[in-house]
Amino acid sequence: MFEEEKRAAAMEAIKHVKSGMKLGLGTGSTTRYFLDALGELVKSGKITDIIGVPTSKKTEEIANSYGIKTVNNINNIDIDFDGADEFDPDGNLIKGGGGALVREKIVAYNSKNVFIMVDSSKFSEKLHKFPLPVEVIPFMEDQTLSHIEELGAKCTFRDNKKFISDNGNYIIDCRFDYTDTGLEQKIKMIPGVVEVGIFHNITTKIFKGNGNTCEIIDI
Ligand code: 5RP
């Protein structure tokens, strides 16, 4: 059922793509539906001159396999299309379940529009269900984890430090009772932390699958 909702969200979101646009290309299984649909439009020539900024090596591979041109340094991205692990009524997000939060946040921050595609299970009145991903440098990382725990979390290295991000870093998954921007700032102040998976005030539209239809939420 959630697969159907992910697909429905992606199929609605893709209607906003026009030839010549610069697009942020997210990471994850929902974005995969979007990328496959975009790839077909590009291959058939219905959409031309797209430039994509991929948020992970995996997304770059998929985009290139369809002949979509990708770059990693560009101004004025028209729309960033991405998924999320959790979203609240104000469009705030937890992201990083796929380990791509650093590039995802940079691309979202540099996009004129941020369109988030989700299935209905991702909704939460208050962000706290999904363990908050934090990317950290692989140096003094056990100490970095302890400092995050001092803020009130229970933390674990993703896959016991076997998961390495595209940037060569570890991901720490952190269980807090609450998440807000104050917490985001406190975690970012800890030396060794690269980025935190709280995306506050950055979403412009949410495409939420609902069975085989899609609800569009303007933020
Ligand atoms: C990757 C992400 C993804 O957008 C998030 O994990 C959602 O993925 P999916 O669409 O597979 O549920 O933040 O870092």
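Fair warning: this is a prediction, and the values are worked out from it, not measured in the lab. (Residues numbered from 1 in each chain as written. Predicted model: local features only at pLDDT ≥ 70, side-chain atom pairs only at ≥ 80, totals over all residues.)

### Describing the domain arrangement of the protein chain
Then, number 1: Split by domain assignment, the protein chain resolves into domain 1 (1-122 + 198-211) and domain 2 (130-194).
Then, number 2: Put simply, the middle of domain 1 and the middle of domain 2, counted by C-alpha atoms, are 24 Å apart.
Then, number 3: Domain 1 puts 14 residues into the contact, and the matching count from domain 2 is 14 residues.
Then, number 4: If one sorts the elements of the side of domain 1 that touches domain 2 by residue count, helix 4 (residues 101-109) sits on top with 3 residues.
Then, number 5: In the side of domain 1 that touches domain 2, the residues fall into 5 nonpolar, 5 polar and 4 charged. (Domains from an automatic or database assignment. Contact = placed C-beta atoms within 7 Å. Helix = DSSP H or I, 4+ residues; strand = E, 2+ residues; numbered from the N terminus. Nonpolar A, V, L, I, M, F, W, Y, C, P; charged D, E, K, R; others polar.)

### As for the nonpolar core
Then, number 1: Core analysis: the largest hydrophobic core is formed by 50 residues, its most contacted members being Ala13, Phe34, Ile116 and Met117.
Then, number 2: Beyond its immediate stretch of four places on either side in the chain, Ile116 contacts Asp82, Gly83, Ala84, Phe87, Leu93, Thr203, Ile206 and Phe207. (Core = buried A, V, L, I, M, F, W, Y, C linked by C-beta atoms within 7 Å. Buried ≥ 20, exposed ≤ 12 C-beta atoms within 10 Å, placed from the backbone.)

### Examining the sheet that holds strand 10 (residues 170-175)
One key point about sheets: their strands pair by backbone hydrogen bonds, in either a parallel or an antiparallel sense.
Then, number 1: Spatially, 9-10-8-11 is the arrangement adopted by the 4 strands of the open sheet, whose pairing is antiparallel. The outermost strands of the open sheet, each flanked by one partner alone, are strand 9 (154-157) and strand 11 (193-196). In this sheet, adjacent strand axes meet at a mean angle of 25° when their direction is disregarded.
Then, number 2: Relative to strand 10, strand 8 (residues 132-136) runs antiparallel, the two being bridged by 5 bridges. When the sheet's bridge partners are listed, Pro133 is paired in strand 10 with Asp173.
Then, number 3: On top of the sheet, helix 4 reaches strand 8 and strand 11; it is set at about 60° to strand 11, its chief contact. (Pairing = 2+ DSSP bridges. Axes fitted to C-alpha atoms, helices over the stretch in contact; angles between N-to-C directions.)

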